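# A look at the structure
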Amino acid sequence: MFSLIRGAWTVLLHMFHRRVTVQYPDAKAYVPPRWRGRIILSRDPDGGERCVACYLCAVACPVDCIALQATEDENGRRYPEFFRINFSRCIFCGFCEEACPTYAIQLTTDYEMGEYKRSSLVYEKEDLLISGTGKYPGYNFYRVAGLAISGKDKGEAKDEEPPVDVKSLLP
Amino acid sequence: MAKMATIYIDNKPYTVKEGDNLLHACLSLGFDIPYFCWHPAMHSVGACRQCAVKQFKDENDTLGRIVMSCMTPAVEGTRISIDDEEVRAFRKSIIEFLMTNHPHDCPVCDEGGECHLQDMTVMTGHSYRRFRFKKRTYRNQYLGPFVNHEMNRCIQCYRCVRFYRDYAGGRDFGAFASHHHVYFGRHKEGALENEFSGNLVEICPTGVFTDKTFKRHYTRKWDLQTAPSVCVHCGLGCNTIPGERYGLLRRIQNRYNGAVNGYFLCDRGRFGYEFVNAERRIRQPLMKRSSLPVPREEVMQHLSRLIYFGARVIGIGSPRASLEGNFALRSLVGEDHFYTGVSAMDARLLEKIIMVLAKGPARSSSLAEAGAADAVFVLGEDVTNSAPLLALSLRQSVRLKPMEIDKRLHIPEWDDSAVRNAAQQEKRPLFVATPYRTKLEEVSTQAYHAAPDDLARLGFAVAHELDNRSPAVKGLPKKLHTLAEGIARVLSQAEHPLIVSGTGCGSEAVLESAANVAWALCRKNRSADLCFAVPECNSLGLALMGEGSVSDAFKAVHDGAVDTAIILENDLYLRAETEDVNSFFDKVRNVIVIDHSVTGTASKADVVVPAAAFAEGDGTLVNNEGRAQRFYQVFVPDRDIEESWRWLRDIMAASGRPGLKHWTGLDDIVQAMSNSIKAFKNIAESNVPAGYRITGQHIPRQPHRYSGRTAMHANISVVEPKPPEDKDSPLSFSMEGFSGQPPAGLIPRFWAPGWNSVQALNKFQSEVGGPLTGGDPGQRLFEPVQESTVSYFDEVPGAFSPRENELLLVRVYHIFGSEELSAMSPCIAESAPGPYIGLKPEDAELFQVSEGRDVRISINDKEYSLPVKYLPELPSGVGVLPAGLRGLEGLELPAWGRINNQAKG
Ligand code: SF4
Ligand code: SF4
Ligand code: SF4
Ligand code: SF4
Ligand code: FES
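### Considerations on the sheet that holds strand β1 (residues 4–9) of chain B
Residues and elements named next belong to chain B. Read from one edge to the other, the open sheet built from 5 strands follows the order β2-β1-β5-β3-β4, with strand pairing classed as mixed. On the outer flanks of this sheet lie β2 (12–17) and β4 (65–68), each paired with one strand and no other. Each adjacent strand pair in this sheet contributes to an overall mean axis angle of 40 degrees, direction not counted. Taken together, the 3 bridges between strand β3 (residues 52–56) and strand β5 (residues 79–81) define a ladder with antiparallel strand orientation. Counterpart to glutamine 55 in the pairing with β5 is isoleucine 80. Each of β1, β2 and β5 touches helix α1 (residues 22–29); the most contacted strand, β2, lies at about 110 degrees to it. Contacting β3, β4 and β5, helix α2 (residues 85–99) crosses the sheet at an angle of about 155 degrees to β3.

### With respect to the layout of surface pockets
All names here are of chain B. Considering only enclosed or pocket space, the largest pocket measures out at about 1,400 Å³ in volume. If you trace the largest pocket, you find 42 residues lining it, with Pro40, Ala41, His43, Glu413 and Gly769 closest to the centre. Put simply, the parts of the chain that give the lining of the largest pocket at least two residues each are α11 (367–371), α13 (388–397) and α14 (400–409). Tallied by class, the residues present in the lining of the largest pocket amount to 19 nonpolar, 14 polar and 9 charged.

### Comments concerning the domain arrangement of chain B
Residues and elements named next belong to chain B. Domain assignment breaks chain B into domain 1 (4–99), domain 2 (106–277), domain 3 (355–534) and domain 4 (806–899). Computed from C-alpha coordinates alone, the two centres of domain 3 and domain 4 are separated by 27 Å. Facing 17 residues of domain 3, the contacting portion of domain 4 comprises 14 residues. Buried area between domain 3 and domain 4, both sides added, is near 1,100 Å², and the carbon and sulfur share of it is 65%. Glutamate 873 is the salt-bridge partner of arginine 437, the closest N and O atoms lying 3.7 Å from each other. Counting the contacts that link domain 3 with domain 4 gives 5 residue pairs in polar contact (both at pLDDT 80 or more).

### Side note on the packing of aromatic side chains
By the definition in use, this model includes 33 aromatic pairs over all chains. Aromatic pair A:Phe82 and B:Tyr246: ring centres 5.5 Å apart, planes at 50 degrees, arrangement tilted. Here B:Tyr246 lies in the loop between β13 (239–245) and β14 (248–254) and A:Phe82 lies in strand β3 (residues 78–86), a pairing that spans two chains. You can call A:Phe82 partly exposed: its relative accessible area is 21%. Taking relative accessible area as the criterion, B:Tyr246 reaches 25% and is therefore assigned partly exposed.

### Brief notes about empty space enclosed by the protein
Residue and element names in this part refer to chain B. Within this structure, the stated rule accounts for 11 cavities of 30 Å³ or more. One number sums up the size of the largest cavity: a volume of about 280 Å³. Lining the largest cavity are 24 residues, with Glu202, Asn254, Phe750, Val758 and Gln759 sitting closest to its centre. Listed by contribution, the elements that provide at least two residues to the lining of the largest cavity are α5 (200–203), β13 and β14. For the lining of the largest cavity, the per-class residue count stands at 12 nonpolar, 7 polar and 5 charged. There are two domains that each give the lining of the largest cavity at least three residues, and those are domain 1 (4–99) and domain 2 (106–277).

### Remarks on the interface of chain A and chain B
Each partner contributes to the interface: chain A provides 46 residues, whereas chain B provides 45 residues. Of the roughly 3,800 Å² buried at the junction of chain A and chain B (both faces included), carbon and sulfur atoms supply 53%. The largest share of the area that chain A buries against chain B comes from A:Asp64, A:Arg78 and A:Val164, three residues that together contribute 16% of it. Where chain A packs against chain B, one counts 6 salt bridges. For A:Arg78, the salt bridge goes to B:Asp110, with nearest N and O atoms at 2.8 Å. Across the chain A-chain B interface, the total number found is 27 residue pairs in polar contact (both at pLDDT 80 or more).

### Looking at the nonpolar core
Ranked by internal contacts, the top residues of the largest apolar core, which has 131 residues, are B:Leu390, B:Leu394 and B:Phe614. Leave out the neighbours within four places in its chain, and B:Leu394 touches B:Ala370, B:Val376, B:Val378, B:Val383, B:Leu440, B:Leu498 and B:Val500.

The rules behind each value
Residues numbered from 1 in each chain as written. Chains lettered and ligands numbered in written order. Predicted model: local features only at pLDDT ≥ 70, side-chain atom pairs only at ≥ 80, totals over all residues. Heavy atoms only, no water. Pairing = 2+ DSSP bridges. Helix = DSSP H or I, 4+ residues; strand = E, 2+ residues; numbered from the N terminus. Axes fitted to C-alpha atoms, helices over the stretch in contact; angles between N-to-C directions. Contact = heavy atoms within 4.5 Å. 1 Å grid on protein atoms, 1.4 Å probe; cavity = no way out; pocket = protein on both sides within 12 Å on 5 of 7 lines; lining within 4 Å. Points joined across faces, edges and corners; volume = space filled by probe spheres on them. Nonpolar A, V, L, I, M, F, W, Y, C, P; charged D, E, K, R; others polar. Domains from an automatic or database assignment. Buried area = accessible area lost by both parts, 1.4 Å probe. Salt bridge = Lys/Arg side-chain N within 4 Å of Asp/Glu carboxyl O. Polar contact = N/O pair within 3.5 Å; in protein donor to acceptor, adjacent residues only side chain to side chain. Phe/Tyr/Trp six-rings, centres within 6.5 Å; stacked < 30°, edge-to-face > 60°. Buried < 20%, exposed > 50% of the residue type's maximum accessible area, 1.4 Å probe, protein only. Core = buried A, V, L, I, M, F, W, Y, C linked by side-chain atoms within 4.5 Å.

Here it is as structure tokens:
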């Protein structure tokens, strides 16, 4: 008898507590910016594809759900010919982002990826590539790297001396 | 047996070879010491300062001093520390210093993931850049179709020049500029001329030199599916590691075999692989009556009708197909109807070589032994172009002389620059006698150019000088006699003389004279070796299996005893004159071709079935030494491609012929082969059976870091396919399995914890630079007959006499272009010369032609028109034609050609 009253009392008290249920999808929950959700490929500040197809994300991936193939364009830039993530396998661990030397691959705050068919969870480069820099503005790998690409010759990267004149013996 | 010494490493005693340098000794013991400039085949120069250790006077010395381990000999009681804090800091600061100018390139660098600089950086613990100043930069050079140049990444270790110039004898590459501007490249842009330039890719510890063909379809080392394989581009059988990803063959790397190729490959072997990916590949069965590919079942039905029991079927084998493929064909058609499919001339020459090696007292030398010979006589073979790595070995043999000098001066043999300084231009004897000037002459003691018959006469004369039971040569000019005497004297003074010859000039007499020289030396109790270059990867294996050339097959057809011919991986147009081949095809009712690429022969066939190329199947090849070597399937090819022997087995089963049905895997066929052919009795001995497991596990073809497993097929199906099974070997098409070191013949790649680059190899050898742990793989099929009573060859040819208006045409070889398979690869084709005729300028004048102009020449009643190239060192009356180049295939040389004087300019 006493316990019944106590139960009713507790319920009554809860009516005055703050509500925790979110009316999803009408209302959205707060996700912190570091949330590890849907993966994207970003572009550098000049609009070029950031990914240089180095395969580091692929090898870092514990479930091996990233596959790509490197190729090179006429400007001497490396980029992925295809880039595929099988999200039906992805565990959103963020290792790929951690491994990426160019800030190309990033996990975002988007988690709304449910599908009826598993095959719809296979994303190709077209599905992954966004038009902005994502979480990391500013960084452009090719401005730092020693590789010459069209528009950035040897000696023009950050902290580089002009190319050596091999015919000179001057100190 | 070398003298041993006890040394103390961090206060623990170890036994090492006395006099070895400490780096060599420590690496052999399994210690990790970082290094750059030292290389096990090129030894020490002490240039990079990376391999520092601390040496102590005695056990009471606590101070010690830092020394370079690669420049310090191990003597009794040497005390060193690798772990000492100060020396660790020293090594770390060396890397930090090297890194000050190193570009931020790893993600876009093809060396990444198998970079010795990365490995050493991690090993020393340098992880943070403190240097805030600017980086030095360089411009790159175009170095031809094979090697990519990215000079910013150089750490100035000098390995590249030491290999290219000192080891391989190249001249068009060097070090330029001074101080921290030192540059490694050519004096001006252009293709690297040396035949071994591809080794720079593995020699350079950084990403300065990378594989240009690999760059086109780049994949990291950890993503390559690999298996042990054997090069198919010449008769030497260098061991290779082909790598595959997404069904495409991506590159070839060297697979160390202490007895065969050691650390190096030639450019044909390294870059010739692209034919496997070429458009010309046959991927599905084809039938003449249908323009579309035909389903397998339909082809099988059709074939079984053609080969029904009782039909008259002949089989033509191939020296570029595996033993198993040839044996399956031989079993299908019967021994009497099997033809080896080489040209009539090659059949004769190969038969002779086998006779000499199997019956005579001289041993067939391995490549490693050739490199250690102390006097060499090359008779009639342009080894640089027909058996490239043999030339590299011979170049090392001439360097052995310095070793004697060093002993006198007490210079350790690994002290490379001191050795070279002491030696200056001193060389060990190397005599080269060939029809035309060959590259090896750069390092020869003496060279002689003559027509094949005259070369044979020189050989016979040398043999006669050594042993007068060997026939004398009548009418030998004085000069030649003196030369023969000189060669004989030098050879008889040597302890391990080597006689090199081969099928190159197409003369049996040359082979016989070479055999006589070696035998005469053996009978003087010298351990003389013989090394014969043979044209293709399985020439010797095929010759051991059967007789009968293409011409014999043609004869059988013309005698009317044939309904169906099965041609195995062979283009008959390369083996006989076009007219003869055409008339053969006209006569045979049904032609079945089993091959991997479209050839002239395949396009004439009624039925073509797709065979596996070397990387797509298993098999055994016998190299020029008589060493049977197994190559393993690297990847599962698409659609209907299968090993030839599998096709043949199935055809046989379908046609109701008894026999091969019980062959499920390669082991069964190897067993059958060793039971039925005496020469192959021991062939299974070095073979690891398919059922072999280590702790119950397969040996994985994929590295444990293989990526993309759950995504690479996801565009086709999200359900990951089960890895294919391998019935033929203990290797699996998977990343799962035994992670330690497999037996030597089964090593799919060189990798060890902390050692991602090719230098991981150190961990796979019983001693650095020595044989692989457990012995180098391969099974020699014949050994010399010690007490051989075989008598000397006694048919000395008459002296060559030039004919008026005619030329004796001999073959000239080109490393790029003269071999069929590699010539189908774009980068090799790009490097191949066009057809030409080489003439002595004086001869050309006689015929009123000049360099660059076309000359018309009729050979065997057929006229060819070819541009003239001057070769001043040709003997007069002799001309050369490139072997195997387009337009000249199938021509049997040497032959006389009549120059048509009226040739208009
Ligand atoms: S790690 Fe980054 S740059 Fe490298 S392949 Fe992945 S996304 Fe591209
Ligand atoms: S050479 Fe090695 S360390 Fe240098 S960029 Fe290439 S992978 Fe990186
Ligand atoms: S190019 Fe490579 S091998 Fe040559 S010095 Fe530089 S780092 Fe060493
Ligand atoms: S020498 Fe011959 S076997 Fe060796 S890599 Fe070159 S072509 Fe291949
Ligand atoms: S490896 Fe010893 S100094 Fe370079």
